[in-house]
Every structure is written in structure tokens, then in C-alpha cells.
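Coordinates in review
This is what each chain is made of:
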Amino acid sequence: VQLVESGGGLVQAGGSLRLSCAASGRTFSRNTMGWFRQAPGKERDFVAAINWNGLNTAYGDSVKGRFTISRDNAKNTVYLQMNSLKPDDTAIYYCAADGASFRGIGRRAIEYETWGQGTQVTVSS
């Protein structure tokens, strides 16, 4: 069972990136999926999450209005569209799956059981 992130890279401020998180080994169609990020020397912060059927989403205050989370359960994949990127968005971005099925959206890392290895996003000024 693993989550694999992709789509990170180097982008100029104001640019866009789309991260993908592909799950393998089992389906996560019944689980809330989330994105977190961690910058050097800082704690892992909540970025966005989407519930199992995609009808409910939540965002961290710093990304609200700029980032959009979505999912395709048929492909067992979650996406994070990031627009209007800022240097402060520079971090390693992690995809995570909630440990329980059909649960509401959680913003705490402890609620997520399965994690990807992360993908680096660097925004230059």
C-alpha cells in the first residue's frame, strides 16, 4: 500500500503547478485524502483535504482561494492544483490518506494513516 506524489518542481512566483497523488495496493475511494506541506525547520502544515466522495473540501488559510483539491476515485488519484504560487509555498508536499472510512475531513496529521514520500515544490521570487 503506497501513495506516490508527482508534479513538483521549480516555478516562478505567480506560476502554477498541479500535484498528483496516485494510490496503489488498495483503494482509497472511501477515505478522506489530504495534502500537507513541510518547509525546512518548520512543522508539517495542513494544506487541503477532500472527503471520500469529493463533495466536501477544506483548505488551510494560507492557500484558500489559490489551491484546489480534487479526486478521481476511478483512477485512485488525488490532485492539488496550485495557482498564484508564492515563495512562502516552497516546501515538501505530502499526500496522505485518512485511517478511517467515510469520516469527515480532518486537519491534523495524526488523523492520516498512510503517507507518500513527498514532492518538492520550490517557488522563486
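The structure reproduced in this document is the subject of the present report. (Residues numbered from 1 in each chain as written. Predicted model: local features only at pLDDT ≥ 70, side-chain atom pairs only at ≥ 80, totals over all residues. Heavy atoms only, no water.)

Overview of the nonpolar core
Of all hydrophobic cores here, the largest spans 27 residues; its most connected members are Met33, Trp35, Leu80, Met82 and Tyr93. Contributions of two or more residues to this core are made by strand S3 (17-24), strand S4 (31-38), strand S5 (45-50), strand S7 (67-72), strand S8 (77-82), strand S9 (91-101) and strand S11 (119-124). When residues no more than four places from it in sequence are discounted, the contact partners of methionine 82 are Gly15, Ser16, Leu17, Leu19, Arg66, Phe67, Tyr93 and Val121. Phe36, Ala58, Ala96 and Tyr112 belong to the second-largest nonpolar core, a separate cluster that totals six residues. (Core = buried A, V, L, I, M, F, W, Y, C linked by side-chain atoms within 4.5 Å. Buried < 20%, exposed > 50% of the residue type's maximum accessible area, 1.4 Å probe, protein only. Helix = DSSP H or I, 4+ residues; strand = E, 2+ residues; numbered from the N terminus. Contact = heavy atoms within 4.5 Å.)

Examining the pairing of S5
Counting buried positions along S5 gives five out of six residues, so the element sits mostly inside the fold. In terms of strand pairing, S4 meets S5 through five bridges, oriented antiparallel. From the neighbouring strand, arginine 37 faces S5, where its bridge partner is aspartate 45. Counting the residues that bridge the hairpin from S4 to S5 gives six residues, and of these glycine 41 lies at a positive phi of roughly 75°. As paired strands, S5 and strand S6 (residues 57-59) are joined by three bridges and run antiparallel to one another. Bridging from a neighbouring strand, alanine 49 pairs with alanine 58 of S6. (Pairing = 2+ DSSP bridges.)

Observations regarding the pairing of S3
Pairing between strand S1 (residues 2-6) and S3: five bridges, direction antiparallel. Across the sheet, the residue bridging to glutamine 2 is serine 24, located in S3. Both S3 and S8 contribute to a ladder of six bridges, which runs antiparallel. Each bridged residue has a counterpart across the sheet, and for cysteine 21 the counterpart in S8 is valine 78.

Overview of the state of the cysteines
Across all of its chains, the model carries one disulfide by this definition. The side chain of cysteine 21 participates in a disulfide bridge whose partner is cysteine 95; the two sulfur atoms lie 2.0 Å from each other. Disulfide cysteine 21 to cysteine 95: torsion about the S-S bond roughly -75°, handedness left-handed. Residue cysteine 21 is found in strand S3, and its partner cysteine 95 is found in strand S9; the two are separated by 74 residues along the sequence. With a relative accessible area of 1%, cysteine 21 lands in the buried category. Look at cysteine 95 and you get buried, because its relative accessible area is 0%. (Disulfide = S-S within 2.5 Å.)

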